[in-house]
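# A closer look at the structure
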Amino acid sequence: MQQILMALFAGLIVGLIFSFLKLPLPAPPVLPGIMGIAGVYMGGLIFQQYISNYL
């Protein structure tokens, strides 16, 4: 839980800094970004469960 809160806090700080400097936010659009994160997570799980057993 502490890692989640730290990541949220870091994201808030970065968002504030970028907004203050009037820069575009360093994040993809919401739904494609979420799907990309989910894909990376699922790929890691698939590797750990199936592929790493054969290497």
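Below: a short report on this structure. (Residues numbered from 1 in each chain as written. Predicted model: local features only at pLDDT ≥ 70, side-chain atom pairs only at ≥ 80, totals over all residues. Heavy atoms only, no water.)

Moving on, we get to the overall build of the chain. Along its length, the chain carries two helices and zero strands. What you see for the chain is a C-alpha radius of gyration of 16 Å, clearly larger than the 10 Å of a compact globule of 55 residues, by over 25%. Principal-axis analysis of the C-alpha atoms gives the chain an extent of 50 × 25 × 20 Å. Per-residue burial over the chain gives 2% buried out of 55 residues. Carbon and sulfur atoms make up 78% of the accessible area of the chain, which amounts to about 5200 Å² in all. (Helix = DSSP H or I, 4+ residues; strand = E, 2+ residues; numbered from the N terminus. Rg over C-alpha atoms; globule rule 2.2 N^0.38 Å. Buried < 20%, exposed > 50% of the residue type's maximum accessible area, 1.4 Å probe, protein only. Areas by Shrake-Rupley, 256 points an atom, 1.4 Å probe, with all protein chains shown as cover.)

Our next topic: unusual backbone geometry. Its identity as a non-glycine residue notwithstanding, K22 has a phi of 55 degrees, on the positive side. When you line up the elements, K22 lands in the loop between helix 1 (2-20) and helix 2 (30-51).

Attention now goes to the environment of P26. Here P26 shows up in the loop between helix 1 and helix 2. By relative accessible area, which is 54% here, P26 ends up exposed. Sequence separation of P26 and V14 is twelve residues, and the distance between their C-alpha atoms is 8.6 Å. Residues within four places of P26 in sequence aside, it is in contact with V14 and F18. (Contact = heavy atoms within 4.5 Å.)

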